[in-house]
Amino acid sequence: MGIFSKYTFFPIVKIAQYSFNLLEYVDYYRSNLPNVVILIPSDDVFVKGGHRRPIANKFLLEVVLRSLDENCIKYTSNKYFILFLYFLFKLKLIKIHKKSENNNVQEFYSAGYFLTSMPQYTSRESAYNRNVSFCSLTSDESNLGKKILNENSIDEKSIFVAMHTRDNAYGSNLKGTNYGDIGGHNFRNSNFEDLFSSCEYLNSKGMQTFRMGADQFSIENINKKDYIVDYSNSFRSEFMDIYIISKCKFFVGSTSGIWGTPYLFNTPILGVNFIPVYDSTMSSRDMWIPKKLWIKKEKRYMTFKEMFSIDRKKYFSDRIYHDNGLEVVDNDSDELLNAIMDMNSFVDGELVFSDKDNWLWHKFKSTLPEGHYNVSGNKSRVCPSFLQRNQKFLL
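Residues numbered from 1 in each chain as written. Predicted model: local features only at pLDDT ≥ 70, side-chain atom pairs only at ≥ 80, totals over all residues. Heavy atoms only, no water.

S.K.: Explain the overall build of the protein here, please?
M.R.: A count of helical and extended segments in the protein gives 13 helices and 16 strands. Per-residue burial over the protein gives 51% buried out of 395 residues. Partitioning the contacts of the protein with sequence separation of at least 6, the portion at a separation of at least 24 is 70%. About 18,900 Å² of surface is accessible on the protein, with carbon and sulfur atoms providing 49% of the total. (Helix = DSSP H or I, 4+ residues; strand = E, 2+ residues; numbered from the N terminus. Buried < 20%, exposed > 50% of the residue type's maximum accessible area, 1.4 Å probe, protein only. Contact = heavy atoms within 4.5 Å. Areas by Shrake-Rupley, 256 points an atom, 1.4 Å probe, with all protein chains shown as cover.)

What follows is the structure, given as structure tokens:
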């Protein structure tokens, strides 16, 4: 820290922001932000509504800090200095500036603000297509992960896929939230059981499936399927969350925070049940499939062009769908299975995109609004099987 330093707060509370905020900051840092210092607050610095806001994953934060050191990126965890800045902010002597929808990251940082909140943005394709992952585990950490697998009767050498579906258990233990009513985010939820046939397919290819998640409902008879490890309801820990994500063949996730974590380790991602439809995976290693919307009054599905015609910010509440007569339709088991088959072949380097696949993909991209990151350089694409099945919605 120096007299001319500027500061940006690292978002410790939401695990998605460990990648979506940090990776693009790191990508932008070296040539543009040499005098900016990252502030790493402890979990007792910020209090909201009388409650502490805990660190999303303390082990992952340790790994991130180690990576910052290895990349010579400046940061401080000095609690008293951070509290001092926060005290000045509460007295309204300084302001914490946040990036608005109207400015890009270059405009935001070039403004020269003294104190900022590290923005989340998706404008730098290179941030998600690193040749070398930003984070990695040490040999001791890898050996500890293998030991824990062995202690739970899982072969440390086995090939596995990690899967996470946000279900209705999310937020059910949080007081003072509106999860579960029409003002919440249940539209983002889905059922893990819809992935059972996908897990069976992976088993036929010699792979196990790890069911991920900190808050997951128990599923009757899931433990009778020896190719599914119900990790979320057995030996889950913050450390093993990161070990599994960093070591799996690929990660299958919906639009819930943990799906961003694989980007820190260059783990390929298959996004399923993605909503809002604007959201997509972002690496050339990835693929994705969105949910669909059913118009109840007209008894038909929205086309993709119709979905993209609605401002993204209007998609973020169950109430929006309820009040506009829209039913959110999850990917069915066949769509999920075909997407898993596409992704497995893709990761193995065996997936061949036909001329029709490429035509459908470009047709889909033509429905995207100007400036969407799938138009402006993002190398991720929708699974070809999904577009083949749903090409009628490309009109």
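S.K.: Help me understand the pattern of salt bridges, please; the structure alone is not making it clear to me.
M.R.: A side chain with one charge may pair with a side chain of the opposite charge, provided their charged atoms come close. Taken as a whole and judged by the stated rule, the model has 11 salt bridges. Two residues, E125 and K379, come together in a salt bridge whose shortest N-O distance is 3.6 Å. Of this pair, E125 sits in the loop between β6 (115–117) and α6 (139–151) while K379 sits in the loop between α12 (355–366) and β16 (381–382), and the two are 254 residues apart along the sequence. Linking E298 and R300 is a salt bridge whose minimum nitrogen-to-oxygen distance equals 2.7 Å. (Salt bridge = Lys/Arg side-chain N within 4 Å of Asp/Glu carboxyl O.)

S.K.: In this structure, what is going on with the packing of α6 against helix α8 (residues 238–247)? I would like to understand it.
M.R.: Each pair of packed helices can be described by the angle between their axes along with the distance between the axes. Close contact between α6 and α8 brings their axes to 10 Å; oriented N to C, the two are set at 100 degrees. Put simply, α6 runs roughly perpendicular to α8. On α8, the residues that touch E141, S142, L144, G145, K146, I148 and L149 of α6 are F239, M240, Y243 and K247. Residue composition of the contact of α6 with α8, by class: six nonpolar, two polar and three charged. (Axes fitted to C-alpha atoms, helices over the stretch in contact; angles between N-to-C directions. Parallel < 35°, antiparallel > 145°, perpendicular 65-115°, else oblique. Nonpolar A, V, L, I, M, F, W, Y, C, P; charged D, E, K, R; others polar.)

S.K.: What should I look at first to understand helix α11 (residues 333–347) in this one?
M.R.: Because each turn of an α-helix spans 3.6 residues, side chains separated by three or four positions end up pointing in the same direction. Compared with the 21 Å implied by 1.5 Å per residue over 15 residues, the 21 Å span of α11 between its first and last C-alpha is a close match. Looking at where α11 begins, the residue whose side-chain oxygen comes 3.1 Å from the main-chain nitrogen of D334 is D332. The first or second residue beyond α11 is G349, which carries a positive phi of 75 degrees. (Expected span 1.5 Å × (residues − 1). Polar contact = N/O pair within 3.5 Å; in protein donor to acceptor, adjacent residues only side chain to side chain.)

S.K.: I would appreciate a short explanation of helix α3 (residues 58–70) in the present structure.
M.R.: Across its 13 residues, α3 extends 19 Å between first and last C-alpha, which sits within 8% of the 18 Å expected from 1.5 Å per residue. Listed as buried for α3 are F59, L60, L61, V63, V64, L65, S67 and L68. One or two positions beyond α3, positive phi appears at C72, with a value near 55 degrees.

S.K.: What should I look at first to understand the sheet that holds strand β13 (residues 292–295) in this one?
M.R.: In a beta sheet, neighbouring strands pair by backbone hydrogen bonds and run either parallel or antiparallel. With antiparallel pairing, the three strands of this open sheet are ordered in space as β14-β13-β15. Of all strands in the sheet, those bounded by a partner on one side alone are β14 (300–301) and β15 (326–329). (Pairing = 2+ DSSP bridges.)

S.K.: Explain a nonpolar patch on the surface to me, please; I cannot follow it from the model alone.
M.R.: On the surface, F87, L91 and L93 cluster together into a nonpolar patch covering about 320 Å² of accessible area. Among the residues examined, L93 registers a relative accessible area of 58% and is labelled exposed. (Patch = residues over 30% accessible without salt bridge, like charges linked within 9 Å, V, L, I, M, F, W, Y side chains within 5 Å.)

S.K.: Help me out: how do you make sense of unusual backbone geometry in this one?
M.R.: Negative phi characterises most residues that are not glycine, and trans characterises most peptide bonds. That bond from I275 to P276 is cis: its omega, 0 degrees, falls within 30 degrees of zero. You can see P276 is positioned in the loop between β11 (269–274) and β12 (287–290). Of note in this structure, N273 is not a glycine but carries a positive phi near 55 degrees. By the secondary structure assignment, N273 is in strand β11.

S.K.: Teacher, can you tell me more about the side chain of S380 here?
M.R.: Here S380 shows up in the loop between α12 and β16. In this structure the side chain of S380 is engaged in a polar contact, spanning 2.4 Å, whose partner is the side chain of T281.

S.K.: Even after reading the chapter, I still don't get the sheet that holds β16, so can you show me in this structure?
M.R.: One open sheet accounts for seven strands, arranged β9-β8-β7-β10-β11-β12-β16; its pairing is parallel. On the outer flanks of this sheet lie β9 (228–229) and β16, each paired with one strand and no other. With two bridges joining them, β12 and β16 adopt parallel strand pairing. Residue pairing across strands places M287 opposite R381, the latter belonging to β16.

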